[in-house]
Amino acid sequence: MTSPAVRRPAKYGWVAAIYHSAAAEVPLGAAVLVDERRLLTCAHVVDGRWRRGGRLWAEFPKAVGTPRRAVGDVQFSAAMYDLALLELEDAAPADVAPAPLRFPPPDALSGTDWWAFGFPDEDQRGESAHGLIDTGLGRGYVRLETESRNRLRTGFSGGGVWSARLNA
C-alpha cells in the first residue's frame, strides 16, 4: 500500500533539537514543543545526561537566528513509556507555536499516513520521513511503515509523528 503525496504540517516550528551543551553541534535527538515552556521527548534521549547532573539545551531549528534555551527541569514517565517532559528556563521563541496535539486510540490511525522530522545520523539540519501507520500495538503504541528515502533511526527519537488526517 502506498500513501498519497506526503502531507506534512504547513508549519512545524514546534520541532526542537536537544543538545548536551549550548555549543554542541550534534543533537542528541528531537522533541516537540507542547506549550510555551515544555517539550516532550523520549527519556532515552536525555536520561543519561540529565541524571549525571549534565545540562540540556533546546533549539528550534525552524526559528532561524534564535538562541538555544536551557532546560531547567526534566520529569520522567514510567520506564515502559520512555517519555521525558523538559521544562525550559525561558519561554520558546515568540514565533514558535506549540504542536497541535490529539490523542486518538491507536487502532483509529491504522492505514493512515504519518510524517516525522528528526536529526538522524548526527545530521545537524534535520531530515523528514513518512509512511503509513500499520497497526495499533499495546500501551498506546503504533507500528510505522516507512515509505520514504529516510528510515526512522537514532536522531528521530523524541520527535512527534504528524497525522495529516488529524491535522495534529
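Residues numbered from 1 in each chain as written. Predicted model: local features only at pLDDT ≥ 70, side-chain atom pairs only at ≥ 80, totals over all residues. Heavy atoms only, no water.

**Comments concerning the nonpolar core**
Threshold: Note on terminology: a nonpolar core comprises buried Ala, Val, Leu, Ile, Met, Phe, Trp, Tyr and Cys residues joined through side-chain atoms within 4.5 Å. Residue burial is assigned from relative accessible area. The probe radius is 1.4 Å, only protein chains are included, and a residue is buried under 20% of its type maximum, exposed over 50%, and partly exposed in between. What counts as a helix is a DSSP run of H or I of at least four residues, what counts as a strand is a run of E of at least two, and both are numbered from the N terminus. Any two residues having at least one pair of non-hydrogen atoms within 4.5 Å are treated as being in contact.
Counting residues in hydrophobic clusters, the biggest one holds 34 residues, and the most contacted among them are W14, I18, L39, V46, F60 and L86. Looking at this core, the elements with two or more residues in it are β1 (15–19), β2 (29–33), β3 (38–42), α1 (43–51), β5 (69–76), β6 (83–88) and β7 (113–118). When residues of this core are assigned to their parent elements, the largest contribution, 5 residues, is made by β1. Those residues in contact with F60, other than ones at most four positions away along the chain, are G13, V15, A16, L33, L39, T66, L88, A92, P93 and V96. With 6 residues, the next largest nonpolar core counts L109, A116, I133 and F156 among its residues.

**Observations concerning α1**
Put simply, the rule is: In this description, the arc belongs to the directions extending from the helix axis to the C-beta atoms.
Taken residue by residue, α1 has A43, V45 and V46 as its buried positions. Seen end-on, α1 carries its buried residues on one side only, within an arc spanning 140°. Considering only its buried residues, α1 is in contact with β1, β2, β3, β5 and β6.

**Quick look at the sheet that holds strand β9 (residues 142–146)**
Selection rule: Strand pairing is assigned whenever DSSP detects at least two bridges linking the two strands.
Reading across the sheet, the 4 strands line up as β9-β8-β7-β10 and stay open at both edges, with antiparallel pairing between neighbours. Both edges of this open sheet fall to β9 and β10 (161–162), since each of them pairs with a single strand only. When β7 meets β10, the two strands line up antiparallel, connected through 2 bridges. Looking at the pairing, W115 lines up with W162 of β10.

**Remarks on the layout of surface pockets**
Note the threshold: In this analysis the probe radius is 1.4 Å and the grid spacing 1 Å, with only protein atoms considered; a cavity is a set of points the probe fits into but cannot get out of, a pocket is an open set with protein on both sides within 12 Å along at least five of seven lines, and lining residues have an atom within 4 Å of a point. Grid points are joined across faces, edges and corners, and a volume is the space filled by probe spheres set on the points.
Space inside the largest pocket adds up to approximately 1300 Å³. Lining the largest pocket we find 38 residues, and of these L83, G140, G159, G160 and V161 sit closest to its centre. Where the lining of the largest pocket is concerned, the elements lending two or more residues are β3, β7, β9 and β10. Per element, the largest residue contribution to the lining of the largest pocket is 3 residues, and it comes from β3.

**Overview of the pairing of β1**
Summarising burial for β1: 5 of the 5 residues are buried, a large majority. Covered by surrounding structure in β1 are V15, A17 and Y19 together with A16 and I18, the residues of both alternating faces. Across 4 bridges, the pairing between β1 and β2 is antiparallel. Bridge pairing links A17 to A30 in β2. Bridge analysis of β1 against strand β4 (residues 57–59) gives 3 bridges, and the strand direction is antiparallel. Its bridge partner being in β4, I18 is matched across the sheet by A58.

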